[in-house]
Amino acid sequence: MKHDERQMENSKNESSNSLQKLKMAVVDDSADDAARISCLLRKCCSEAYEIRCFSDCNELLSGDDHFELIVLDIHLDKEDGIEMQKKLQNHTSYIVFFTAYPTKIRFAFGYKVIGFINKNDPEQEIIKQLDQIKRDYMDDFVTLFSNNGIVQIRRNQISKVSVENRKIYVYLADERVLRITNGSLGKCVETIGDILQKINPSEYINLDHVRRIEGQKITLINGVIVYASRRMRYEVQEKYVRRLR
């Protein structure tokens, strides 16, 4: 398989791009609440994160950005955050609900939902919860040896790992491609960990980056299409469905 010029250029510049800012989003129709949670996120997270605010989910969905975390209000002016979370899943790694109605929380459990924050809690309590979320989900890095040196990548940024023409490539959510220089495919997969699912003899994917599965055809959230082998398709489908429950 040949890479297009953009992919190869991304691979060559991977060291500088590894410092590219990751994105977080706040979706809240209250400008005051959005500003408050954005301020608290900035206190908890490093300058590596860019935080964007949206007044509703459709505004966020109108773009193609992928967010590491979406902080989502349950009660939006014209939308139900609990219902909209299903549409947001392909645009984020994790969702945290931010609500003044904690009694609604029991209805909000869903795929990629990792927490709930009560708007009525004091600032220090919210910061404590955000710090815990960051430690548990946002600080999970893996060290990879590439043709441009050693890079550290957030583990859940990895969408696919494959062998092509005897070379190992790691594909990232932001379309960067890293060529791995040490070890075998098995060693690379072992280093990255159990986020990866084998789909055929030469490819592994991150099930968190799957948009849909249609038989052997698998569409990732960045639009890339891969194919499971006949032998692996049922295992892949089963594990993906189990993840959605």
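Residues numbered from 1 in each chain as written. Predicted model: local features only at pLDDT ≥ 70, side-chain atom pairs only at ≥ 80, totals over all residues. Heavy atoms only, no water.

Visitor: Got a minute to help me understand the pairing of strand S13 (residues 210–214) in this structure?
Guide: Consecutive side chains along a regular strand alternate between the two faces of the sheet. Where S13 and strand S14 (residues 217–220) come together, four bridges link them in antiparallel fashion. Opposite Glu214, over in S14, you have Lys217 as the bridge partner. Hairpin geometry of S13 and S14 is characterised by an intervening segment of two residues between the two adjacent antiparallel strands and by a positive phi of about 65° at Gly215. (Pairing = 2+ DSSP bridges. Helix = DSSP H or I, 4+ residues; strand = E, 2+ residues; numbered from the N terminus.)

Visitor: What's the story with the packing of helix H3 (residues 31–44) against helix H6 (residues 123–138) in this structure? I'm lost.
Guide: A packed helix pair is summarised by two numbers, namely the angle formed by the two axes and the spacing between the axes. It is the contact of H3 with H6, at a shortest axis distance of 9 Å, that shows an interaxial angle of 55°. If you check the angle between H3 and H6, you find them oblique. Between H3 and H6 lies a crossing of right-handed hand. Every residue of H6 that contacts H3 at Arg36, Ile37, Leu40, Leu41, Lys43 and Cys44 is listed here: Glu123, Ile126, Ile127, Leu130, Asp131 and Lys134. (Axes fitted to C-alpha atoms, helices over the stretch in contact; angles between N-to-C directions. Parallel < 35°, antiparallel > 145°, perpendicular 65-115°, else oblique. Left-handed = near helix turned anticlockwise from the far one by under 90°. Contact = heavy atoms within 4.5 Å.)

Visitor: I would appreciate a short explanation of the packing of aromatic side chains in the present structure.
Guide: Any pair of aromatic rings gets described here by the distance separating the centres and the angle formed by the planes. Tallying each qualifying case throughout the model produces two aromatic pairs. Measuring from centroid to centroid gives 5.9 Å for Phe54 and Phe67, while their planes differ by 80°, and the two rings are edge-to-face. You can see Phe54 sitting in strand S2 (residues 49–54) and its partner Phe67 sitting in strand S3 (residues 67–73), a full 13 residues away along the chain. Across the pair, Phe67 and Phe54 agree in class, each one buried. When the centroid spacing of 5.8 Å and the interplanar angle of 5° are considered together, the rings of Phe97 and Phe116 count as stacked. Taken together, the positions of Phe97 in strand S4 (residues 92–99) and Phe116 in strand S5 (residues 113–118) put the pair 19 residues apart, joining distant regions of the chain. Overall, the relative accessible area of 0% leaves Phe97 in the buried class. (Phe/Tyr/Trp six-rings, centres within 6.5 Å; stacked < 30°, edge-to-face > 60°. Buried < 20%, exposed > 50% of the residue type's maximum accessible area, 1.4 Å probe, protein only.)

Visitor: Whenever I open this one, empty space enclosed by the protein confuses me. Can you help?
Guide: Unoccupied space between atoms shows up once a probe the size of one water molecule is rolled over them. One pass over the full model with this rule turns up one cavity of 30 Å³ or more. The calculated volume of the largest cavity comes to roughly 40 Å³. Around the largest cavity sit Met24, Leu41, Cys45, Leu69, Leu130, Ile133, Lys134 and Met138, which together line it. Per-element accounting of the lining of the largest cavity gives the leading share, four residues, to H6. Split into classes, the residues belonging to the lining of the largest cavity amount to seven nonpolar, no polar and one charged. (1 Å grid on protein atoms, 1.4 Å probe; cavity = no way out; pocket = protein on both sides within 12 Å on 5 of 7 lines; lining within 4 Å. Points joined across faces, edges and corners; volume = space filled by probe spheres on them. Nonpolar A, V, L, I, M, F, W, Y, C, P; charged D, E, K, R; others polar.)

Visitor: Mind showing me how you'd approach the sheet that holds S2 here?
Guide: Picture the strands of a sheet paired through backbone hydrogen bonds; they go either parallel or antiparallel. On the basis of which strands lie adjacent, the open sheet formed by five strands has the order S2-S1-S3-S4-S5 and parallel pairing. Where the open sheet ends on each side, the last strands, each with one partner, are S2 and S5. Averaged over all adjacent pairs, the angle separating strand axes in this sheet is 20°, with direction ignored. Relative to S3, strand S1 (residues 22–27) runs parallel, the two being bridged by four bridges. In the strand pairing of S3, Ala25 is matched with Ile70. Packed onto the sheet, helix H5 (residues 81–88) meets S3, S4 and S5 and runs at close to 170° relative to S4. Strands S1, S2, S3, S4 and S5 of the sheet are contacted by H6, whose axis makes an angle of about 170° with S5.

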